[in-house]
Amino acid sequence: MFLRNCWYVAAWDHEVKRLETMRRVLLDEPVLLYRDTQGKAVALEDRCCHRHAPLSMGRLRGDRVECLYHGLQFDQTGACVHIPWQDSIPPDARVKSFPVVERDRFVWIWMGDPAKADPALIADFHWLDDPEWTATGDLIHMAGNYMLIVENLLDLSHLKFLHKDSLGTSYVPDDEVPVRYKRDGERVRVERFIHDDQPPGYFRIISGIEREAKVDRWMVLDFSPPSMVTLDIGVQPAGQGAMQGKRNSDVTTYNLNAITPESERSTHYFWAQAQNFTNGDRTLAELDFRLVRKAFEEDKMIIEGQQKNIDLAPDTPRLNIATDGGGLLARQIVDRLIAAEQAA
């Protein structure tokens, strides 16, 4: 079961090309993506209404897509506008059309009631386009449920274990640091602040901060439904008010995550790493991206292992511990929204 009356990322904008058809399964539905003659992204059900052949196997004829099997043609609204050797077109000869918006280098898609598709509800990922930030993005396919990824991102206590050879000691110190959980409506925030500490190796590598410096640092994780998570992680010279929001000399990375279910057991994981300190130096951005990409491959390994065990025994109970607060709140919100949507 998925939340449908919301915006998901269907693709990076560069993935959807003119004169090419692209298939992607989203929320257990086959979707055809292409660009019309004006360059606008179009999303249709990738299933011909005649004999259910994938339209993505067909060809584009102007703004129309032609089914490879029997030549039926469909316009951008999903209406069938041509049937070979037949003058009349039945009124139910059509496929679903999905609302699409391009923003912040993403192609966003609404999989629910088109009448409710309000672009104002699209999650904020402005860092991807902001000239003051340098962002590098990627897509990982994971053989695991999308909420396992949300839980992973909202609990960074795993870094010192799963990512001990990549990012582990860079973020979480050996001493316990209090974590604050905040819920604001349908949003969840997880905060961890570390005062007057040595800069972790990760930030020394990517920003040149001296080992002897004293810094205040933070990890602020924000969740918004259905499955969007941003990680605001940074350092600033100690005592300059970073904890009160005064970040005039900060070194910050934003890890941006748009998580779109493919099925109950697989996920399209769109993510990017953005920095505010590279001054356009792509080599620093690429270094940061590679460090985080390695950690995400470790996440992929463990999440896919979780899913295999869940599939073997779906009803086995899970033990919750103190650091699970953010993920549990996110699950409660998503479950409640799905139940309300299905009851409507």
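Below is a summary of the structure that appears in this document. Here the structure is a predicted model, which means the values were calculated and not measured. (Residues numbered from 1 in each chain as written. Predicted model: local features only at pLDDT ≥ 70, side-chain atom pairs only at ≥ 80, totals over all residues. Heavy atoms only, no water.)

### A look at the overall build of the chain
Then, number 1: Per the secondary structure count, the chain includes six helices and 17 strands.
Then, number 2: Its C-alpha atoms give the chain a radius of gyration of 23 Å, within 12% of the compact-globule value 20 Å for 344 residues.
Then, number 3: By its C-alpha atoms, the chain is 80 × 50 × 35 Å across when sized along the principal axes.
Then, number 4: When each of the 344 residues of the chain is scored for burial, the buried share is 53%.
Then, number 5: Taking the contacts inside the chain whose residues are at least 6 apart along the sequence as the reference set, 59% of them involve residues at least 24 apart.
Then, number 6: Carbon and sulfur atoms form 50% of the exposed surface of the chain, whose accessible area is close to 16500 Å². (Helix = DSSP H or I, 4+ residues; strand = E, 2+ residues; numbered from the N terminus. Rg over C-alpha atoms; globule rule 2.2 N^0.38 Å. Buried < 20%, exposed > 50% of the residue type's maximum accessible area, 1.4 Å probe, protein only. Contact = heavy atoms within 4.5 Å. Areas by Shrake-Rupley, 256 points an atom, 1.4 Å probe, with all protein chains shown as cover.)

### So, the packing of aromatic side chains
Then, number 1: Considering all chains together, one arrives at 13 aromatic pairs under this definition.
Then, number 2: The interplanar angle of 70 degrees and the centroid separation of 6.2 Å between the aromatic rings of F106 and F270 together place this pair among those described as edge-to-face. Of this pair, F106 sits in strand β10 (residues 106-110) while F270 sits in strand β17 (residues 266-275), placing them 164 residues apart in sequence. F270 carries the same exposure label as F106, and that label is buried.
Then, number 3: In textbook terms, an aromatic cluster arises when at least three aromatic residues are bridged by ring pairs, as seen for W12, F106, W108, F125 and F270. (Phe/Tyr/Trp six-rings, centres within 6.5 Å; stacked < 30°, edge-to-face > 60°.)

### Here's the deal with the nonpolar core
Then, number 1: Core analysis: the largest hydrophobic core is formed by 60 residues, its most contacted members being I109 and Y269.
Then, number 2: In this structure I109 touches C6, W7, Y8, A10, L26, V31, A43, F98 and P99, once residues within four positions along its chain are discounted.
Then, number 3: Counting 22 residues, the second-largest nonpolar core is a separate cluster that includes W110, I122, A123 and L256. (Core = buried A, V, L, I, M, F, W, Y, C linked by side-chain atoms within 4.5 Å.)

### Re unusual backbone geometry
Then, number 1: The residue after P225, namely P226, is reached through a cis peptide bond having omega 10 degrees.
Then, number 2: Relative to the assigned elements, P226 resides in the loop between β14 (215-224) and β15 (228-237).
Then, number 3: With a phi angle near 55 degrees, L27 is a residue other than glycine that sits in the positive phi range.
Then, number 4: Mapped onto the elements of the fold, L27 is located in the loop between β2 (22-26) and β3 (29-35).

### Comments concerning the sheet that holds β3
Then, number 1: Judged by pairing direction, the sheet is antiparallel, and its three strands sit side by side in the order β2-β3-β4 without closing on themselves. The outermost strands of the open sheet, each flanked by one partner alone, are β2 and β4 (41-45). On average, each strand axis in the sheet is inclined to that of its neighbour by 30 degrees, with strand direction left out of account.
Then, number 2: With five bridges connecting them, β2 and β3 associate as antiparallel partners. Within the sheet, the bridge partner assigned to V25 lies in β3 and is P30. (Pairing = 2+ DSSP bridges. Axes fitted to C-alpha atoms, helices over the stretch in contact; angles between N-to-C directions.)

### What about helix α1 (residues 146-153)?
Then, number 1: Among the eight residues that make up α1, eight are buried, leaving the element largely enclosed by the rest of the structure.
Then, number 2: Within α1, burial applies to Y146, M147, L148, I149, V150, E151, N152 and L153.
Then, number 3: Looking at where α1 begins, the residue whose side-chain oxygen comes 2.8 Å from the main-chain nitrogen of M147 is N145. (Polar contact = N/O pair within 3.5 Å; in protein donor to acceptor, adjacent residues only side chain to side chain.)

### Details of the sheet that holds strand β9 (residues 100-103)
Then, number 1: Pairing within the open sheet is antiparallel, and its three strands lie in the order β1-β10-β9. Single-partner strands in this sheet number two, and they are β1 (7-12) and β9. For this sheet the average axis-to-axis angle between neighbouring strands, irrespective of direction, equals 35 degrees.
Then, number 2: Of the pairings in the sheet, the one linking β9 to β10 comprises four bridges and is antiparallel in character. Residue pairing in the sheet places V101 in a bridge with W108 of β10.

### Here's the deal with the pattern of salt bridges
Then, number 1: Inspection of the entire model under this criterion finds 22 salt bridges.
Then, number 2: One salt bridge in this structure joins E29 and R4, with 2.9 Å as the shortest N-O distance. Residue E29 is found in strand β3, and its partner R4 is found in the segment before β1; the two are separated by 25 residues along the sequence.
Then, number 3: When its relative accessible area of 14% is taken as the criterion, E29 is described as buried.
Then, number 4: Residue R4 is classed as partly exposed on the basis of its relative accessible area of 25%.
Then, number 5: Note that R293 is salt-bridged to D138, the shortest N-O span being 2.5 Å. Of this pair, R293 sits in helix α5 (residues 282-312) while D138 is found in strand β11 (residues 134-142), placing the two residues 155 residues apart along the sequence.
Then, number 6: Using a relative accessible area of 19% as the deciding quantity, one classes D138 as buried. (Salt bridge = Lys/Arg side-chain N within 4 Å of Asp/Glu carboxyl O.)

### Brief notes about empty space enclosed by the protein
Then, number 1: All chains considered together, the criterion is met by two cavities of 30 Å³ or more.
Then, number 2: Of the pockets and cavities examined, the second largest cavity occupies roughly 70 Å³.
Then, number 3: Considering the residues around the second largest cavity, the lining is formed by L154, D155, L156, V179, Y181, V190, E191, R192, M219, L221 and T323.
Then, number 4: For the lining of the second largest cavity, the element with the most residues is strand β13 (residues 187-197), which contributes three residues. (1 Å grid on protein atoms, 1.4 Å probe; cavity = no way out; pocket = protein on both sides within 12 Å on 5 of 7 lines; lining within 4 Å. Points joined across faces, edges and corners; volume = space filled by probe spheres on them.)

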